[in-house]
Amino acid sequence: MSESKENRRVELNGAKLQGVLELMETGDRFSFLALKDAIASQLSSLINLSTVLPIYLSAHRLELKQLQESCLTFSDKNAAAILQENALLTLPEDALSQILQRDTFLVEEMSIYRTVLLWMQENNVIESDLLRCVRLSEIPSQFLVDLSEPNGCFSETEVFAALKIRIKRNWEAMRPRGRIERNKNLFDYEECAFLQGNITWKQVSNQETVGDPLGGVGREGIRVRPRVWSGGG
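Residues numbered from 1 in each chain as written. Predicted model: local features only at pLDDT ≥ 70, side-chain atom pairs only at ≥ 80, totals over all residues. Heavy atoms only, no water.

### Remarks on the environment of Arg-132
Threshold: Helix and strand definitions follow DSSP, with helices as H or I runs of at least four residues and strands as E runs of at least two, each counted in order from the N terminus.
Within the secondary structure, Arg-132 is located in the loop between α8 (109-122) and α9 (141-144). It is 9.9 Å that separates the C-alpha atoms of Arg-132 and Val-116, two residues lying 16 residues apart in sequence.

### As for the packing of helix α4 (residues 52-61) against helix α7 (residues 93-100)
Let me state the cut-off plainly: Convention adopted: a line fitted to C-alpha atoms gives each axis, helices being fitted over their contacting stretch, and angles between N-to-C directions are expressed from 0 to 180 degrees. Handedness of a crossing follows from how the near helix is turned relative to the far one, being left-handed for an anticlockwise turn of less than a right angle and right-handed for a clockwise one. Residues are treated as being in contact if the distance between any of their heavy atoms lies within 4.5 Å. Basically, the charged four are Asp, Glu, Lys and Arg, the nonpolar ten are Ala, Val, Leu, Ile, Met, Phe, Trp, Tyr, Cys and Pro, and anything else, Gly included, counts as polar.
At a minimum axis separation of 11 Å, α4 and α7 run at an interaxial angle of 115°. Two packed elements cross with a definite hand, and for α4 against α7 that hand is right-handed. On α7, the residues that touch Leu-53, Tyr-56 and His-60 of α4 are Asp-94, Ala-95, Gln-98 and Ile-99. Along the lines of polarity and charge, the residues of the contact of α4 with α7 split into four nonpolar, two polar and one charged.

### Brief notes about the packing of helix α2 (residues 17-29) against α4
We apply this condition: Comment on the angle field: the value is read as roughly parallel under 35 degrees, roughly antiparallel over 145, roughly perpendicular from 65 to 115, and oblique elsewhere.
α4 packs onto α2 with a crossing angle of 5° between their chain directions and a minimal axis gap of 11 Å. In terms of orientation, α2 and α4 fall into the roughly parallel class. Contacts between α2 and α4 involve Leu-17, Leu-21, Met-24 and Glu-25 from the former and Pro-54, Ile-55, Ser-58 and Arg-61 from the latter. For the contact of α2 with α4, the per-class residue count stands at five nonpolar, one polar and two charged.

### Observations concerning the environment of Glu-158
By the element assignment, Glu-158 lies in helix α10 (residues 156-170). In sequence terms Glu-158 and Ser-148 are 10 residues apart; their C-alpha atoms lie 8.0 Å from each other.

### Thoughts on α4
Threshold: Relative accessibility decides the category of a residue: with a 1.4 Å probe and only protein chains considered, values under 20% of the type maximum give buried, values over 50% give exposed, and everything between is partly exposed.
Counting buried positions along α4 yields eight of 10 residues, so the element is predominantly enclosed. Every buried residue of α4 is listed here: Val-52, Leu-53, Ile-55, Tyr-56, Leu-57, Ser-58, Ala-59 and His-60. Where α4 is buried, its residues meet α2, α3 (33-43), α5 (65-77), α6 (79-82) and α7. Of the residues trailing α4, Glu-63 is marked for its positive phi of about 55°.

### Some points on the packing of aromatic side chains
The geometry of an aromatic ring pair is captured by the separation of the ring centres together with the interplanar angle, meaning the angle of the planes. To keep things clear, this is the line we draw: Within 6.5 Å between ring centres, the rings of Phe, Tyr and Trp (the latter by its six-membered ring) count as paired, and their orientation is classed by plane angle as stacked under 30 degrees, edge-to-face over 60, tilted in between.
If you walk through the whole model with that rule in mind, you get one aromatic pair. Ring geometry for Tyr-113 and Phe-154: centres 5.9 Å apart, planes at 35°, overall tilted. With Tyr-113 in helix α8 and Phe-154 in the loop between α9 and α10, this residue pair connects regions lying 41 residues apart in the sequence. Take Tyr-113: its relative accessible area is 5%, and that puts it in the buried class.

If you want it as structure tokens, here you go:
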């Protein structure tokens, strides 16, 4: 049975979003592809803060790549507001991961971490791959030390590696006070300040960096090579 032009037209004005999404999924279920594509095309123009996540979820389930990308692009531009939406906590793990892992999703990394924790609590999950979306090396050092187990969700090795990247990345811009000699790093001193408990800055500096050997990748997609201060005047 062929679909007429009249049947292919989908008027969305005044329609409830949920009903429209159900109609699109019905079109997919019964292989009314023209109907599904027509709805998906018009949904792109209806994306706003209150509709983007329900539309994205349907697009994700039906593998509508273009509609998904429209939703993700909108989310990138409204990242902080998106993280405040309760509907975010109802997304499947893989769907939420696609949002949080994007370089263009510009928001503070601690906000990403808190969102992941909320999602895990809401969905009664103890471990989640969503934690991989958190870029530890983008989190300020004063917060990093609290993210290691048992209070946080990351191992000491992961936190140490992130601290090492941050310290080396910013070292040239720092002028620390203390016992510093030319061509000798602060880390080379045995009696250096304690970071937490019995952990010293020297121990942090000796940890092997895991992951990207060039350092972290910021949310703007800019790769930063870690640098070590060499005591230049």
